[in-house]
Amino acid sequence: MANTTSAKKATRKIARRTDVNKARRSRVRTFVRQVEEAIASGDADKARAAFLAVQPELARAASKGVLHSNTASRKVSRLAARVKALSVSATA
């Protein structure tokens with residue numbers, strides 16, 4: 001247990017920050033899941049729209065420190081490849 005005043009304050013700050021980060025991480029996961037569900041359903045237009053929505057969410061999470069920037073970039077890249085493959089197969 002924290003004893004000093006500054007340690008107690010730090011504990012409160014960490015708790016608040018943890019709640020905010022949990023909400024951000026959950027939001028990112030929701031957007032990613034929407035893209036994956038659209039890909040699974042085979043709807044290229046819906047997948048493209050969901051992908052356009054997930055990109056800024058991943059960038060925001062990376063800028064806020066919720067995700068590492070390379071992780072966000074990797075997720076965007078892999079989702080983009082899957083959406084592109086879906087749209088190519090849909091037109092072929």
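Numbering of residues begins from 1 in every chain and follows the order in which that chain's sequence is written. Reporting in this predicted model follows two pLDDT cut-offs: at least 70 for local features of residues, and 80 or more for side-chain atom pairs to be given and counted; totals over whole chains, interfaces and linings ignore these cut-offs and use all residues. For the side-chain quantities, the full set of heavy atoms in the structure was used; hydrogens and water were omitted.

Participant: Tell me what's going on with the nonpolar core, and back it up with residues and numbers.
Facilitator: Val35, Val54 and Leu58 are the most contacted members of the largest nonpolar core, which has 20 residues in total. Counting from the N terminus, the helices are DSSP H or I runs at least four residues long and the strands are E runs at least two residues long. Of all the secondary-structure elements, those providing two or more residues to this core are α1 (5–41), α2 (44–64) and α3 (69–91). Among all residues touching Leu58, those that are not within four sequence positions of it are Val28, Leu67, Ala72, Lys75 and Val76. We define the nonpolar core as a collection of buried residues of types Ala, Val, Leu, Ile, Met, Phe, Trp, Tyr and Cys that are connected through side-chain atoms lying within 4.5 Å of one another. With a 1.4 Å probe rolled over the protein chains alone, any residue whose accessible area is under 20% of its type maximum counts as buried; one over 50% counts as exposed, and the rest are partly exposed. Note on contacts: a residue pair qualifies if any of its non-hydrogen atoms lie within 4.5 Å across the two residues.

Participant: Lay out the pattern of salt bridges with the relevant residues and their values.
Facilitator: Just to be clear on terms, a salt bridge is a Lys or Arg side-chain nitrogen sitting within 4 Å of an Asp or Glu carboxyl oxygen. For the coordinates displayed, the defined rule picks out 5 salt bridges. Note that Glu57 is salt-bridged to Arg27, the shortest N-O span being 3.0 Å. Placement of Glu57 in helix α2 and of Arg27 in helix α1 is noted, with a sequence separation of 30 residues between them. Glu57 sits in the buried class, given a relative accessible area of 8%. Arg82 is the salt-bridge partner of Glu36, the closest N and O atoms lying 3.8 Å from each other. Pair noted here: Glu36 is in helix α1 and Arg82 is in helix α3, with a separation of 46 residues, a long-range link. You can call Glu36 partly exposed: its relative accessible area is 34%. Classification of Arg82 as partly exposed rests on a relative accessible area of 39%. One connected set of salt bridges, linked through shared partners, spans Arg27, Glu57 and Arg60.

Participant: Tell me about α1, and please be specific about residues and values.
Facilitator: Taking 1.5 Å per residue as the helical rise, α1 with its 37 residues ought to reach 54 Å, and the 54 Å between its terminal C-alpha atoms agrees with that figure. Positioned one or two residues after α1, Gly42 has a phi angle of 85 degrees, which is positive. To estimate the expected span of a helix, count its residues, drop one, and scale the result by 1.5 Å.

Participant: How would you sum up α2? Please name residues and give values.
Facilitator: Over its 21 residues, α2 runs 30 Å from end to end, which matches the ideal 30 Å to within 8%, given 1.5 Å per residue. Buried within α2 are the following residues: Ala44, Ala47, Ala50, Phe51, Val54, Glu57, Leu58 and Ala61. The backbone nitrogen of Asp45 has a side-chain oxygen 3.4 Å away, supplied by the residue at the start of α2, namely Asp43. Residue Gly65 follows α2 closely and has a positive phi angle near 90 degrees. Throughout this description, a polar contact denotes any pair of N or O atoms lying within 3.5 Å of each other; where both atoms belong to protein, one of them has to be capable of donating a hydrogen while the other can accept it, and for residues adjacent in sequence the pair is counted only when both atoms sit in side chains.

Participant: Summarise a positive patch on the surface; cite the residues concerned and give the values.
Facilitator: Exposure above 30% relative accessible area and no salt bridge define the residues that can form patches, which grow by joining like charges within 9 Å and nonpolar side chains of Val, Leu, Ile, Met, Phe, Trp and Tyr within 5 Å. Exposure was quantified through the Shrake-Rupley algorithm and a 1.4 Å probe, taking into account, for residues, occlusion by the shown protein chains and nothing else. His is not counted here, nor are the chain ends, while Lys and Arg score as positive and Asp and Glu score as negative. Where a charge sits is defined by one atom per residue type, namely NZ (Lys), CZ (Arg), CG (Asp) or CD (Glu). On the surface, Lys8, Lys9, Arg12, Lys13, Arg16, Arg17 and Lys64 cluster together to form a positively charged patch. With 6 residues, α1 is the largest single contributor of residues to the positive patch. The topology assignment puts Arg12 in helix α1. Accessibility expressed as a relative area gives 48% for Arg12, which makes it partly exposed.

These values are about where atoms sit, not about what they do.
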